[in-house]
Amino acid sequence: MDQHGRQALSGHQDPQRRQQSGDPSSVDAEHERLGSRTPPGRGAPPPASPSPSPRRALSTRWQLYEKDFPVYKQPVEVGVFSLDSERRFFNDARKLRYFVEPRPRPDFDLRDGYKDRFVRRDDGVKEKLDHILRWILANKSKLLSSAAAAAAAASPSSPMLGVDIVTWRGHLTKLLTTPYERREGWLLAATLFRGTLYISEVETPASRHDRESRPAWHDQMMYWGYKFEQYLCADDAAGAPDPGGVVNTNEAFCTVVQTKLADHKLLFSGEVDCRIGGPKAPAAPACYIELKTSAEICTAKQRSNFH
């Protein structure tokens, strides 16, 4: 970390494959220092600036992590937000959906609507942490204890949120699975602001190439997952699914949770497919459900990969 509060995150396969981050001046102002992890056979990020700040690398040798997991506190939901069909932010649960148990041996047509009732989100638009930051601005009082609020009022440079890290759930997944994921690289930006580290993803050249050149069948397979959700989700607890409606991947419901990993306080958000309804449903986030599609599972290895 340097005198400006900038910190790098990096990972590498081995000493011969270590990659350095790109010039920070080439990325948005939000991204002050970058770290990277590039898998074998994939394009490396641009060369580092002539005088990079000293930093430590994150080893990808899985053997180093075969130990007891640090204490991880049960996440507590502190808020939610919704994104509508135009990706507009709403500080409420209007896009929350409810799980509806299907009949035995359902006959779902996952191709239905792909050609005429499918609105794709523009995945070339990188939203970074924008929506989480909007939620923080709208709910700062939920994050500040009375003591923290008093300290913040006394010193503008003191930690404002009372958390160490703010990020998306998916970014944490990428970090924690790095020793075991050999196909996809990552590039993350970390900005230290008033005692809190904000971690955002930056698209790698290899990821951009894959996104821009992926075949039509890949989009169809992605659609199957969204269509599957449409068959199983209703807009309210007493409602029924509407498989004849439009599948719009701009829409989303997200939970915001706080937790603690060892001594690090985390605030992160993740998209939720649906929740269990009814009076006996557990409180959030335990009531949330992740829906997945898969080819028919015939072997133990396929089942392991699915989970």
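Residues numbered from 1 in each chain as written. Predicted model: local features only at pLDDT ≥ 70, side-chain atom pairs only at ≥ 80, totals over all residues. Heavy atoms only, no water.

### What about the overall build of the chain?
Next, step 1: Within the chain one finds 7 helices and 16 strands.
Next, step 2: Looking at the 307 residues of the chain, the share that counts as buried comes to 37%.
Next, step 3: Expressed as a percentage of contacts within the chain between residues at least 6 apart in sequence, the contacts between residues at least 24 apart total 71%.
Next, step 4: Carbon and sulfur atoms make up 52% of the accessible area of the chain, which amounts to about 18500 Å² in all. (Helix = DSSP H or I, 4+ residues; strand = E, 2+ residues; numbered from the N terminus. Buried < 20%, exposed > 50% of the residue type's maximum accessible area, 1.4 Å probe, protein only. Contact = heavy atoms within 4.5 Å. Areas by Shrake-Rupley, 256 points an atom, 1.4 Å probe, with all protein chains shown as cover.)

### Things to note about the side chain of D84
Next, step 1: With respect to the secondary-structure elements, D84 resides in the loop between strand 4 (76–83) and strand 5 (89–90).
Next, step 2: What makes D84 buried here is its relative accessible area of 7%.
Next, step 3: At 2.7 Å, the side chain of D84 forms a polar contact with the side chain of R88.
Next, step 4: Each residue touching D84, except ones within four places of it in the same chain, is listed here: F90, K95, N250 and E251. (Polar contact = N/O pair within 3.5 Å; in protein donor to acceptor, adjacent residues only side chain to side chain.)

### Some thoughts on the pattern of salt bridges
Next, step 1: Taken as a whole and judged by the stated rule, the model has 17 salt bridges.
Next, step 2: Residues R88 and D84 are paired through a salt bridge, measuring 2.7 Å at the closest nitrogen-oxygen approach.
Next, step 3: Taking the relative accessible area as the measure of exposure, R88 reaches 46% and is therefore partly exposed.
Next, step 4: A salt bridge links R121 to E127; the nearest nitrogen and oxygen atoms lie 3.0 Å apart.
Next, step 5: Several salt bridges share partner residues, and in doing so they unite D112, D116, R117 and K227 into one network. (Salt bridge = Lys/Arg side-chain N within 4 Å of Asp/Glu carboxyl O.)

### What about helix 1 (residues 130–138)?
Next, step 1: Residues of helix 1 that are buried include every one of H131, I132, W135 and I136, and no others. Projected down its long axis, helix 1 carries its buried residues within an arc of 145°, all on one side. (Arc of directions from axis to C-beta.)

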